[in-house]
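Each chain is listed here by its residues.
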Amino acid sequence: MSVHDISGKKVAFLLTDGVEQIELTSPWDAVKQAGGQPVLVSPASGTLQGFNGVDKADTFTVDLDVAKANAADFDALVLPGGVINADYLRVNEDARRFTRNFFEAGKPVAAICHGPWLLIDAGVVKGRDLTSFHTLATDLRNAGANWSDEEVVVDQGLVTSRTPDDLPAFNDKVVEEISEGQHAGQHA
């Protein structure tokens, strides 16, 4: 459990259909428990289909269309995983713009599992230290990232983890980085 208080901090969770449910709900709950306000941002509207691996799970209601979302209105960004979710987001122009704007503003960004795929297409991984689900390692290295197989990697406000097994460490670091606020080393 986090000792950091992020009361008054607004956190965007960017996702779409196919999100790995636990990689949404666990960090979402951690943000809420620390006093933050999570907001579900998506290129889709209505409800989204979560998954537990390859099995359909719960649905989640979209709060804000990513095309209308502005990074200036948020204190941090969380990118849950899920192969379908991440693959769709990485080719969505609004999702790429929204994500890149957090880096340009020096705000904390967290991505788990397949979530870092979007970071490649947003053009923000070159020279950065991070981790992900192991199948993205080559993609991330080819995009200029320094990939390592670790539970959680933090690089100037960028928090990344590999799998749902890493969620306790991921959640703690997400809340910690949000509590610290902007990071001078966080850049696009």
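Placed above this text is the structure.
Residues numbered from 1 in each chain as written. Predicted model: local features only at pLDDT ≥ 70, side-chain atom pairs only at ≥ 80, totals over all residues. Heavy atoms only, no water.

1. Some words on the layout of surface pockets
Selection rule: Residues are called lining when one of their atoms sits within 4 Å of a cavity or pocket point, these points coming from a 1 Å grid over the protein atoms alone, where a cavity is a set in which a 1.4 Å probe fits but cannot get out and a pocket is an open set with protein on both sides within 12 Å along at least five of seven lines. Grid points are joined across faces, edges and corners, and a volume is the space filled by probe spheres set on the points.
Looking at the largest pocket, its volume works out to about 210 Å³. Lining the largest pocket are 14 residues, with Glu20, Gly53, Gly82, Val83 and His114 positioned closest to its centre.

2. Notes on the pairing of strand β1 (residues 10–14)
Looking along a regular strand, one sees side chains alternate from face to face of the sheet. Our working rule: The buried label applies to any residue whose accessible area, calculated with a 1.4 Å probe on protein chains only, is under 20% of its type's maximum; exposed applies above 50%, and partly exposed to all values in between. Only DSSP runs of H or I covering at least 4 residues are called helices, and only runs of E covering at least 2 are called strands; the numbering of each starts at the N terminus. Strand pairing follows a simple DSSP-based rule, namely that at least 2 bridges must link the two strands.
A large share of β1 lies buried, amounting to 4 of its 5 residues. Pairing between β1 and strand β3 (residues 37–42): 5 bridges, direction parallel. Pairing of Phe13 across the sheet is with Leu40, part of β3. Of the strand pairs in this sheet, β1 and strand β7 (residues 76–79) are connected by 3 bridges, and their pairing is parallel. The partner of Val11 across the bridge, within β7, is Ala76.

3. Brief notes about the packing of helix α1 (residues 21–33) against helix α6 (residues 167–180)
Here is the rule: Under this scheme, a helix contributes an axis fitted over its contacting stretch, all axes are lines through C-alpha atoms, and angles between N-to-C directions fall in the 0 to 180 degree range. Roughly parallel covers angles under 35 degrees, roughly antiparallel covers those over 145, roughly perpendicular covers 65 to 115, and oblique covers all other angles. Crossing handedness is defined as follows: a turn of the near helix away from the far one that is anticlockwise and smaller than a right angle gives a left-handed crossing, while the clockwise case is right-handed. Two residues form a contact once any of their heavy atoms are found within 4.5 Å.
The contact between α1 and α6 brings their axes to 9 Å, and the two run at 45°. Put simply, α1 runs oblique to α6. Along this stretch, α1 crosses α6, giving a crossing that reads as right-handed. Across the interface between the two elements, Ile22, Glu23, Ser26, Pro27, Ala30 and Val31 of α1 pack against Leu167, Phe170, Asn171, Val175 and Ile178 of α6.

4. What to know about α1
So the rule is basically this: Each helix should span, by expectation, one fewer than its residue count multiplied by 1.5 Å.
Helix length check: α1 (13 residues) gives 18 Å between terminal C-alpha atoms against 18 Å at 1.5 Å per residue, within 8%. Inspection of α1 places Gln21, Glu23, Leu24, Ser26, Pro27, Trp28, Ala30 and Val31 among the buried residues, and these make up the whole buried set. Downstream of α1 by a residue or two, Gly35 has a phi angle that is positive, lying close to 100°.

5. Details of the side chain of Glu177
For the record, the criterion: Positive charge is attributed to Lys and Arg, negative charge to Asp and Glu, and no charge count is given to His or to the chain ends. Put simply, a salt bridge is a Lys or Arg side-chain nitrogen that is within 4 Å of an Asp or Glu carboxyl oxygen.
Considering the arrangement of structural elements, one finds Glu177 in helix α6. Among buried Asp, Glu, Lys and Arg side chains, Glu177 stands out as unpaired, with Lys173 the closest opposite charge at 5.6 Å.

6. Focus: the pairing of strand β11 (residues 152–155)
Sheet topology places β11 next to strand β12 (residues 158–161); 4 bridges connect them, and they run antiparallel. Bridge pairing in β12 links Val153 to Thr160.

7. Focus: the side chain of Arg128
Positionally, Arg128 belongs in the loop between α4 (116–121) and β9 (129–130). Under the relative-accessibility criterion, Arg128 is labelled buried at 2%. Beyond its immediate sequence surroundings of up to four residues, Arg128 is in contact with Phe103, Gly144, Ala145, Asn146, Asp155, Gln156, Leu158, Gly185, Gln186 and His187.

8. Things to note about the sheet that holds β12
Taken in spatial order, the 7 strands of this open sheet run β6-β3-β1-β7-β8-β12-β11, and their pairing is mixed. The open sheet is flanked by β6 (64–65) and β11, the only strands paired with a single partner. One ladder, built from 3 bridges, connects β7 with strand β8 (residues 109–112); its direction is parallel. Across the sheet, Val78 pairs through a bridge with Ala110, a residue of β8.

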